[in-house]
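The residues making up each chain are set out below.
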Amino acid sequence: MPQEDIFADSVQPNGGVKEKGARSRLGLVVTGVVGGTLVALYAVAAPFVAPALRKFCLPFVPATTAQVDNVLTVLRRRSGTLVDIGSGDGRIVIAAAKQGFQASGLELNPWLVCYSRYRAWREGVHRSTSFHICDLWKVSFAQYSNVVIFGVPQMMDQLEHKLASELPSTAKVVACRFPFPTWVPENTAGEGIDTVWVYDARTFNSNLQRGPTGKTAPEERDTTEPHT
Ligand SMILES: C[S@@+](CC[C@H](N)C(=O)[O-])C[C@H]1O[C@@H](n2cnc3c(N)ncnc32)[C@H](O)[C@@H]1O
């Protein structure tokens, strides 16, 4: 038997097994990398897509610089607690904290909350800001004296009722880009898509107590009146 055949016979079967093993390992690595990449892409993208699947589709659209400036302008004489409902990348919360507010952001998207916390830390306002992953419809706003919302028209009616029933009478609410449907603003700033409307809780709370007919609700009537 020629020398090469002897060599081929003795090496080929073993080499084939090794090659197959290497190929299946490579296959596993490729499958792992592709699978891992898809899972990572899903994990990043899902929180951005999720708002579109809810009852009110409120996507992440950051406020313009003019919009943020208008919010700060209308709140310039205010202080205390502030909340941005659906805080996105935290720009309004951070700008408000720089103006002296104890500012909070409520946001559904955990990536945006992480990014907001990082930005607040980088800009030196992490002590006067806080960001929470939560659904705006499942929290109470009773503790806030200043509320900012950049919402969508479809949600403003329901939010109006929620805020009217929860906020203290000293609160102010600022709506960005889309106003509330029935409240009467005490002030506005900016124009076009950068317009903001300011509402005083004293006004909308008294409307709530009067009810749609304009009469005071029975439980709100003065019961100290002497009986005749
Ligand atoms: C129009 S963006 C406004 C972002 C930010 N306030 C600003 O002005 O730059 C609305 C934000 O609300 C968030 N969002 C949507 N649905 C929400 C919900 N149910 N609860 C809390 N945040 C929500 C979105 O993820 C998005 O970041």
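Structure shown above.
Read on for an overview of the structure. Keep in mind that what you see is a predicted model, and the values were worked out from it rather than measured.

1. Some details on the site of the ligand
Here is step 1: Taken together, 21 residues form the shell around the ligand, and within it L58, A63, G86, G88 and L136 come nearest.
Here is step 2: Broken down by secondary-structure element, the contributors of at least two residues to the shell around the ligand are α3 (91-98) and β2 (102-107).
Here is step 3: When the residues that make up the shell around the ligand are grouped by side-chain class, the tally is 13 nonpolar, four polar and four charged.

2. Observations concerning α3
Here is step 1: For α3, the tally of buried residues reaches seven of eight residues, placing the bulk of the element in the interior.
Here is step 2: Along α3, the residues classified as buried are R91, I92, V93, I94, A95, A96 and A97.
Here is step 3: Looking at the packing, one finds that the buried side of α3 touches α2 (65-74), β1 (81-85), β2, α4 (110-122), β3 (129-133) and β4 (146-149).

3. Focus on the pairing of β2
Here is step 1: Counted residue by residue, β2 has five buried out of six residues, so it is predominantly covered.
Here is step 2: Taken together, the five bridges between β1 and β2 define a ladder with parallel strand orientation. Counted as the bridge partner of T81 is Q102 from β2.
Here is step 3: In terms of handedness, the path from β1 via α3 over to β2 forms a crossover that is right-handed.
Here is step 4: Pairing of β2 with β3 involves five bridges; the strand directions are parallel. Bridging across to β3, G105 finds its partner in F131.
Here is step 5: The β-α-β motif built from β2, the intervening α4 and the parallel element β3 has right-handed crossover chirality.

4. Considering the nonpolar core
Here is step 1: Counting 42 residues, the largest nonpolar core has V71, V147, V148, V174 and C176 as the members making the most contacts within it.
Here is step 2: Contact partners of C176, with chain neighbours within four places excluded, come to A63, Q67, V71, V148, I149, F150 and V196.

Procedures and definitions
- Residues numbered from 1 in each chain as written.
- Predicted model: local features only at pLDDT ≥ 70, side-chain atom pairs only at ≥ 80, totals over all residues.
- Near = placed C-beta within 6 Å.
- Helix = DSSP H or I, 4+ residues; strand = E, 2+ residues; numbered from the N terminus.
- Nonpolar A, V, L, I, M, F, W, Y, C, P; charged D, E, K, R; others polar.
- Buried ≥ 20, exposed ≤ 12 C-beta atoms within 10 Å, placed from the backbone.
- Contact = placed C-beta atoms within 7 Å.
- Pairing = 2+ DSSP bridges.
- Right-handed = clockwise from strand over helix to strand, strands pointing away.
- Core = buried A, V, L, I, M, F, W, Y, C linked by C-beta atoms within 7 Å.

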